Amino acid sequence: MTVRSLFAIVFAVLLAAAGHFLMWQWLIDRGDAPDVRAVQSLSFSPFTRDQNPTANITVTLAQIEKDLKTVLPITGGIRTYSSTQGLESIPLETVKQKGFRVVQGVWLSRDETRNKLEIDNGIWLANNNKSVVAVVVGNETLLRKEKTPEELIGILQDMRRKVKKNTLVTTSETWDIWIKYPELAQNVDYINAHILPFWEGIPADKAVTYTFERYDQLKAAFPDKHIVIGEFGWPSHGYNQRAASAAPVTQARVLREFITEATRRRVDYNIIEAFDQPWKMDEGMVGAYWGLFNAARQPKFTLQGLVEEPERHPKMVASLIMGALLTLIGLARRRPTFGHAMLYALASNGMGVGIIAAAWWPFEVYMSPGTWVMWSVGVCAILPLTAITLARIHEIAEVMLGRKPTRLFKPGSVPVSDKPLPMVSIQVPAFREPPEMLIETLDALATLDYPNYEVLVIINNTPDRTLWQPIENYCKTLGPRFKFLNYPNVSGFKAGALNLAMTEVDPQAEILALIDADYVVNPNWLKDLTPVFEDPKVALMQAPQDHRNASDSAFHRMMQWEFAGFFDIGMIQRNEDNAIITHGTMLLIRRSAFEEVGGWQTDTIVEDTELGLRLYQAGYSAHYTNHRYGWGLLPDTFKAYKSQRHRWAYGALQIIKKHGRAMLPGAKALTWEQKFHFTTGWFFWLSDALGVLIALLNLIWVPLVLGFDMMVPTVAMTVPILTAFCVNILHNQLLYRLRVKARFIDTVSAGIAAMSLQWTVARAVFDGLIKESLAFARTEKGAGKKKRPGASFQALRETLLGAALAASALALHLTNEQEVLEVSFFAATLVVQSIPLLAATLMHIIELLGPSQSQPDKS
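To keep things clear, this report deals only with the structure shown in the data block. Computed from a predicted model, the values in this text were never measured in an experiment.

What the chain contains, in helices and strands, is 25 helices and 19 strands. Its C-alpha radius of gyration of 36 Å places the chain more than 25% over the 29 Å reference for a compact globule of 859 residues. Referenced to the eigenvectors of the C-alpha coordinate spread, the extents of the chain come out at roughly 120 × 65 × 45 Å. Out of the 859 residues in the chain, the part that is buried amounts to 57%. For the chain, the share of sequence-separated contacts (at least 6 apart) that also reach a separation of at least 24 residues comes to 79%. Where the 85 positive side-chain charges of the chain centre and where its 83 negative ones centre are 2 Å apart.

Looking now at helix H14 (residues 493-501). Burial in H14 covers these residues: Lys494, Ala495, Gly496, Ala497, Leu498 and Ala501. For H14, the secondary structure elements touched by its buried residues are strand E11 (423-430), strand E12 (453-460), strand E13 (482-487), strand E14 (509-514) and helix H18 (607-617).

Attention now goes to the environment of histidine 194. Inspection of the secondary structure puts histidine 194 in strand E7 (residues 191-194). Classification of histidine 194 by relative accessible area gives buried; the value is 1%. Ignoring sequence-local partners within four residues, the contact set of histidine 194 consists of Arg79, Asn139, Glu140, Ser172, Glu173, Thr174, Trp175, Gly230 and Glu231. Within the local environment of histidine 194, its side chain forms a polar contact with the side chain of arginine 79, the two groups lying 3.1 Å apart.

Pairs of packed helices are described in terms of their axes, by the angle between the two and the distance that separates them. Axis separation between helix H16 (residues 554-576) and helix H19 (residues 638-659) bottoms out at 11 Å; the angle between their running directions is 20 degrees. Taken together, the axis directions place H16 and H19 in an arrangement best described as roughly parallel. When H16 is examined against H19, the residues Phe555, Met559, Glu562 and Phe563 are found in contact with a partner set consisting of Phe638, Tyr641, Gln644, Arg645 and Trp648. Here the contact of H16 with H19 is composed, by residue class, of six nonpolar, one polar and two charged.

With an omega dihedral of 5 degrees, the bond running from isoleucine 272 to glutamate 273 counts as a cis peptide bond. Assignment of secondary structure puts glutamate 273 in the loop between strand E9 (269-271) and strand E10 (307-308).

A large share of strand E16 (residues 538-542) lies buried, amounting to five of its five residues. Two strands pair when backbone bridges link them, and E16 and strand E18 (residues 621-624) are joined in this way by four bridges, in the parallel orientation. Paired with valine 538 across the bridge in E18 is serine 621. As defined by bridge partners, E16 adjoins strand E17 (residues 587-590) across three bridges and the pair is classed as antiparallel. Residue pairing across strands places glutamine 542 opposite leucine 587, the latter belonging to E17.

The next thing to look at is the nonpolar core. Judged by nonpolar contacts, the single largest core of 78 residues is most densely connected at Val137, Met159, Trp178, Ile229, Phe258, Ile271 and Leu292. Ranked by residue count, the leading element in this core is helix H8 (residues 248-265), at seven residues. In this structure, methionine 159 is in contact with Val106, Ile119, Ile123, Val135, Val137 and Val169, ignoring residues within four places of it in sequence. Listed in part, the 73 residues of the second largest apolar core include Tyr366, Ile393, Leu634 and Ala827.

Its place among the elements puts glutamine 545 in the loop between E16 and H16. The exposure class of glutamine 545 is buried, given its relative accessible area of 11%.

Among the eight residues that make up E12, eight are buried, leaving the element largely enclosed by the rest of the structure. Of the two faces of E12, the one carrying Tyr453, Val455, Val457 and Ile459 and the one carrying Glu454, Leu456, Ile458 and Asn460 are both buried. Two strands pair when backbone bridges link them, and E11 and E12 are joined in this way by seven bridges, in the parallel orientation. Looking across to E12, one finds that glutamine 427 is bridged to leucine 456. For the segment spanning E11, helix H12 (residues 435-446) and E12, crossover handedness is right-handed. Where E12 meets E13, six bridges bridge the pair, whose relative direction is parallel. From the neighbouring strand, asparagine 460 faces E13, where its bridge partner is tyrosine 487. Once you follow E12 into helix H13 (residues 465-478) and on to E13, the crossover reads as right-handed.

On to the environment of threonine 70, then. Structurally, threonine 70 is set in helix H2 (residues 61-71). For the pair threonine 70 and histidine 340, spaced 270 residues apart in sequence, the C-alpha to C-alpha distance is 55 Å. Apart from residues no more than four positions distant in its own chain, threonine 70 is found in contact with Phe275, Phe293 and Arg297.

Our focus in this paragraph is the packing of aromatic side chains. Overall, the coordinates contain 22 aromatic pairs when judged by the stated rule. Ring geometry for phenylalanine 232 versus phenylalanine 258: centroids 3.9 Å apart, planes at 15 degrees, classification stacked. Linking phenylalanine 232 in strand E8 (residues 227-232) with phenylalanine 258 in helix H8, this pair joins segments that are 26 residues apart in sequence. On the accessibility criterion, phenylalanine 258 (0% relative accessible area) is buried. When the ring centre of tyrosine 210 is taken as origin, the NZ or CZ atom of arginine 214, which lies over that ring, is 4.7 Å away. Note that arginine 574 overlies the ring of phenylalanine 678, its terminal NZ or CZ placed 4.8 Å from the centroid.

Within the fold, leucine 526 resides in helix H15 (residues 525-529). It is 9.2 Å that separates the C-alpha atoms of leucine 526 and tyrosine 629, two residues lying 103 residues apart in sequence. Those residues in contact with leucine 526, other than ones at most four positions away along the chain, are Val424, Ile426, Leu448, Tyr450, Tyr453, Ala513, Pro531 and Leu588.

Calculation criteria
- Residues numbered from 1 in each chain as written.
- Predicted model: local features only at pLDDT ≥ 70, side-chain atom pairs only at ≥ 80, totals over all residues.
- Heavy atoms only, no water.
- Helix = DSSP H or I, 4+ residues; strand = E, 2+ residues; numbered from the N terminus.
- Rg over C-alpha atoms; globule rule 2.2 N^0.38 Å.
- Buried < 20%, exposed > 50% of the residue type's maximum accessible area, 1.4 Å probe, protein only.
- Contact = heavy atoms within 4.5 Å.
- Lys, Arg positive; Asp, Glu negative; His and termini not counted.
- Charge placed at Lys NZ, Arg CZ, Asp CG, Glu CD.
- Polar contact = N/O pair within 3.5 Å; in protein donor to acceptor, adjacent residues only side chain to side chain.
- Axes fitted to C-alpha atoms, helices over the stretch in contact; angles between N-to-C directions.
- Parallel < 35°, antiparallel > 145°, perpendicular 65-115°, else oblique.
- Nonpolar A, V, L, I, M, F, W, Y, C, P; charged D, E, K, R; others polar.
- Pairing = 2+ DSSP bridges.
- Core = buried A, V, L, I, M, F, W, Y, C linked by side-chain atoms within 4.5 Å.
- Right-handed = clockwise from strand over helix to strand, strands pointing away.
- Phe/Tyr/Trp six-rings, centres within 6.5 Å; stacked < 30°, edge-to-face > 60°.
- Lys NZ or Arg CZ within 6 Å of the ring centre and 35° of its normal.

Here is the structure:
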C-alpha cells in the first residue's frame, strides 16, 4: 500500500466517522420539558416480566409490596383493574400508607362466573378498606362489546346500592363511548374517560392539546358531572399509529407536558401505567411499553431536568466502532483513491448502524418466542447481506472513483522474444453436441494464425453415432493436426475425458488451450495471448466469453447482457487482484503448472474453476483480457439457461466444501485479496438461497400478522434487504452504463435475466448442502429445436411464490389502516422479494413470445 492510499483510508475513516457522529447527534432526541413534582395517580398492575394475567396468574403479596415501594416516591394514588388473581390484596397493603388512594378495578368479561367473583370482591374491598375511594366497574367493556349499555348500567346500579355512600362508583370507557351513550353518565358518580391520543394517531407535539380538547368536549356534553381523565399515556417503544410514534424521550416529554397542564387546569387524571407489561405485546407491540418504569422496575426517565435518551450513547459508540472496522477490513491491503475510500467508508458506516441496530434489538424490546425466531432469521440475513452490499459498493467505488485497471493484458504489452512460439494443444471436449455446431468450431480453429498447435476433439459419453461420426470424418479432412478422440464410457464426465486425452497431447506442447464445442475463435487468439507465458509465474490466461446469436431474440439478448456484465465488470476487478474465476472456454493453461497441481480433478462439476483455485494456492498467477477472441452460443431455452446456472452454483458449493479452509485468516496459500474475492463471490451464490428461504419464512409469517396480530419484522430487519436491493439496482445501472456501454433498456434486461435465476441458484445451493454429487447436465445450445406447444411452464414455482409474496404485500398494505411504518416496510420487503421470482416468469414469457426456433448465426 502506498503512503497516498494509507492517507486516503485514514482521512476517509475520520471524515465518515465525523459524519456518522453528527448523524447520531441529530438522531439522539433530547430537549426541555416542564419539571413535574409527582403523578396524581398511576395504573398499577404488579405482574412481572414473565407473568401473563390472561393465563390466570396470581400475584403474591411480596410482589405487591415491592412494587408499591417503587411507585410511592412519585404518586399518592393508584388505579387497579381487577379484584381477583391476588390483586384484591392491593388495598390491604395500601392501608399502611396514610392518605394513599386506591381506585379499585372490577374486571368485566363474558365469563359470568368470574364477573360475580370480581363484583363481590370489589364490593367487599370498597366497604372494608378506607384507602379505596372509588370503584371502577368494567374497563372499556362497551368498546370491546362484552356488555350492552343496558347490561352495564344494571351492574352499575346494583354496585352503587351495595357500596358505602362515600365510595364513588363509575366505569371506564374511551371518551367517544361516553359521547355515544350519554345515558351511561346518568348512572355513575363521575365520568372516568380514557383519552389516549396515541391510539388515535395524533402526533406527540399535539397530544396534550388534543387531550384537553376532548376533555372540554366532555365537559360541554356533561356540565354537571365531574370528569376524570381515567387513562392518559404514551408508549416508549413499538409501532407507530399513523402520525403518532413511540420513543423514550417522546414518552417523557408528552407525559411531563400533560401532567403540567392537568395540574394547571386542576383536572384529575390517572397515567397509564406504572410498569411495562410485556404480556401486552399483542397490542401492536406498543402495548408492552406504556410504563413509567420498565419491566425490571427501573425508571425510564426523570420527572425533572433534561429529557434525553441515554441508552443511545452506547449504541452510537458501537456503531462508530463497527463502521470503522468495516471500513478498515474492506480497504485493508487495497490501494484506494480518496474518492473510493470515502464512498466505501460512508457505506460501511451506514451498514454499521444497521448491524448494531439489529444486534441491539433484544436489549431494547421484550422478546417472545416468535420475536426470537424473527430476530434470529433477520440477523442471519444481515451478515451476508452486509458482505454482499459492501462488495457491491466497493466495486462501484473502485470502478467509478478508483484507479484504472493496470493488469488487463493487451496484445503487444509483452516484449517480443527471440524464442519460437510455444506449442499449443487445443482441447475441444464435446458431450452429445450437434455436429454442425462443432464443425463450425473446428473450421475456425483451422484458420488460426499460429504456426505451432494441435486440436484434440474429445467426444465423451456420446453413444449416438450420428452425433460423433460426422465429426470424425470431418477431422480427417482437416489434416493431421486435428485428432479425433472418442471415449464412449467415461467417469468424471468432462474432467474425466480431458484427463484421458492428456495421454494424446503432443509431448512438445507447453500450453493447453480449452474451448467449448460451440465457440468460433478469432484467428489471432493464440498469437496475441501466448506471449503472457513469458513470465514463468503465469499459469492461466483467460479471455471472456461472448456469444454470436444474441440477436436471435429478445430472450437471447437479455442473457447476453447478463453475461457481459460479469466479464466487463467483475472479471476486470478480480483481475486487478490476481483472483479471476477460471472458465473452461477461451482458456490457456501452462502445461507444467497444470501437471504440477495434479491436472483435472473429477470431484466437482466445475473442474475449470477448481483448477484455477489450486493454481493460485500453488503460487501461480493468472491474467485476463477483456478483448473478445471467441464467440459461442447462448442457451437455447430458459430451461437450459437455468440448468447451466444450477450447475455453476452447485459446483460453487462443492468448491466451498473442498477449499473453504483455504479462505480462513490463518491459511497462507492465498493472498488476502484472493480470499476476499472468492469469499464474497460465494456469498453471492449463498445470498440467493438465503433470499428464497427468508421469502418463504416471511410468507409464512404474513397470515400470523393478519390473523393473529403477530409482530411484523422491525425496520432494522427489513431495511437491510431493501438496501441491498437498491444497491444492486445502482450497481447494475451505473457500472453497466460505464463498463459495458449498455443502454438503459439493456441494463434493465441484464438485471431481469440475473434476477430470474434466484430460485434456480437457491435450489442448487440446497442441493449442494444435501447431495454429494449430481449427474452432469449438458446445456442445450445450437440444436435449433422448435419450442413445443404445451410444454411445461418453466417458471411455475417462481411464479407461484412471487405471486404469493406480491399478494401478501397487497394484503398488508390494504389492512394497514394505522399506517404502521414497520408494516409498510415489511410489505415493501415482500414486494422486493417477489421481483426476482416474477422476473423468471417474465423471462419465460419473453422466451415463449420469441421466434419459434433458435438457429446459430452462420455469418
